[in-house]
Amino acid sequence: VQLQASGGGLVQAGGSLRLACAVSGRTFPRYVMGWFRQVPGKEREFVAAISWRGGATYYSDSVKGRFTISRDNAKNTATLQMNSLKSEDTALYYCGIQRLAWGSLTKYPTDYEGWGQGTQVTVSS
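Keep in mind it's a predicted model, so treat the numbers as computed, not measured.

Caption draft 1: Fine view of the overall build of the protein. When its secondary structure is counted, the protein shows zero helices and eleven strands. Ordered by position from the N terminus, the helices and strands of the protein form the series β-β-β-β-β-β-β-β-β-β-β. Here the protein has a C-alpha radius of gyration of 13 Å; the compact-globule value for 125 residues is 14 Å, and the two agree. Buried positions account for 42% of the 125 residues belonging to the protein. Within the protein, contacts between residues at least 6 apart in sequence are counted, and of these 58% link residues at least 24 apart.

Caption draft 2: Structural context of the state of the cysteines. Taken as a whole and judged by the stated rule, the model has one disulfide. Each sulfur of the disulfide joining C21 and C95 lies 2.1 Å from the other. Of note, the bridge from C21 to C95 carries an S-S torsion of about 75° and is right-handed in sense. Of this pair, C21 sits in strand β3 (residues 17–24) while C95 sits in strand β9 (residues 91–98); the two residues are 74 residues apart in sequence, bridging distant segments of the chain.

Caption draft 3: Geometry of the nonpolar core. One finds M33, W35, L80, M82 and Y93 to be the most contacted residues of the largest nonpolar core, which totals 28 residues. V32, F36, Y112 and W115 belong to the second-largest nonpolar core, a separate cluster that totals seven residues.

Caption draft 4: Quick look at the side chain of Q81. Within the element layout of this structure, Q81 appears in strand β8 (residues 77–82). A polar atom in the side chain of Q81 sits 3.0 Å from the side chain of R18. Of the polar contacts made by the side chain of Q81, one reaches the side chain of N83; its length is 2.9 Å. In this view, Q81 contacts S16, L17, R18, R66, F67 and T68; residues no more than four positions away in its chain are not counted.

Caption draft 5: A look at the sheet that holds strand β1 (residues 2–6). Pairing within the open sheet is antiparallel, and its four strands lie in the order β1-β3-β8-β7. Each edge of the sheet is formed by a strand with only one pairing partner; in this case those strands are β1 and β7 (67–72). Geometrically, the sheet is characterised by an average inter-axis angle of 15° between neighbouring strands, direction not taken into account. One ladder, built from six bridges, connects β3 with β8; its direction is antiparallel. Looking across to β8, one finds that R18 is bridged to Q81.

Caption draft 6: The pairing of β8, seen in detail. Counted residue by residue, β8 has five buried out of six residues, so it is predominantly covered. Bridging between β7 and β8 involves six bridges; their strand directions are antiparallel. Its bridge partner being in β8, F67 is matched across the sheet by M82. Between the antiparallel neighbours β7 and β8 lie four residues, among them N76 with a positive phi of about 55°.

Cut-offs applied
Residues numbered from 1 in each chain as written. Predicted model: local features only at pLDDT ≥ 70, side-chain atom pairs only at ≥ 80, totals over all residues. Heavy atoms only, no water. Helix = DSSP H or I, 4+ residues; strand = E, 2+ residues; numbered from the N terminus. Rg over C-alpha atoms; globule rule 2.2 N^0.38 Å. Buried < 20%, exposed > 50% of the residue type's maximum accessible area, 1.4 Å probe, protein only. Contact = heavy atoms within 4.5 Å. Disulfide = S-S within 2.5 Å. Core = buried A, V, L, I, M, F, W, Y, C linked by side-chain atoms within 4.5 Å. Polar contact = N/O pair within 3.5 Å; in protein donor to acceptor, adjacent residues only side chain to side chain. Pairing = 2+ DSSP bridges. Axes fitted to C-alpha atoms, helices over the stretch in contact; angles between N-to-C directions.

So this is what it looks like as C-alpha cells:
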C-alpha cells in the first residue's frame, strides 16, 4: 500500500489548510483512515480517524471542533480540513490506513500503516 499526503504549508494562526491523502494498492473503501502528526522528539500523535464509509469520525480533543476529516471512496482519497489553526498545530502530518479491513475507529499508530513522507504544517503566531 502507498499513501501520499499533500497540502501542507506555512499559515498564520487562525488560518486554514486542507490536507489530502491519496491511497493506492489497497481496496480503499474497506479500511479506516487516520491522520496523525509528529514533532521532533515526540511520539506520533493521533489527530482524526474516519470509518470506511465515512459515516463515523473520531477526533483528538485538541482538534475537535476545528478539524474535519472526510473521504471520497470513489477517488481513494482522505482529506483533513484544518481551521482556526494554532501554533501548537505545527507538525509533520501523516495519513495512515488501518492494517485490517472493517476495523473500528482507533487512535493508536500501531493500528495503521503506509505512512509515507508526510506533509509539513507550520503555523506562525
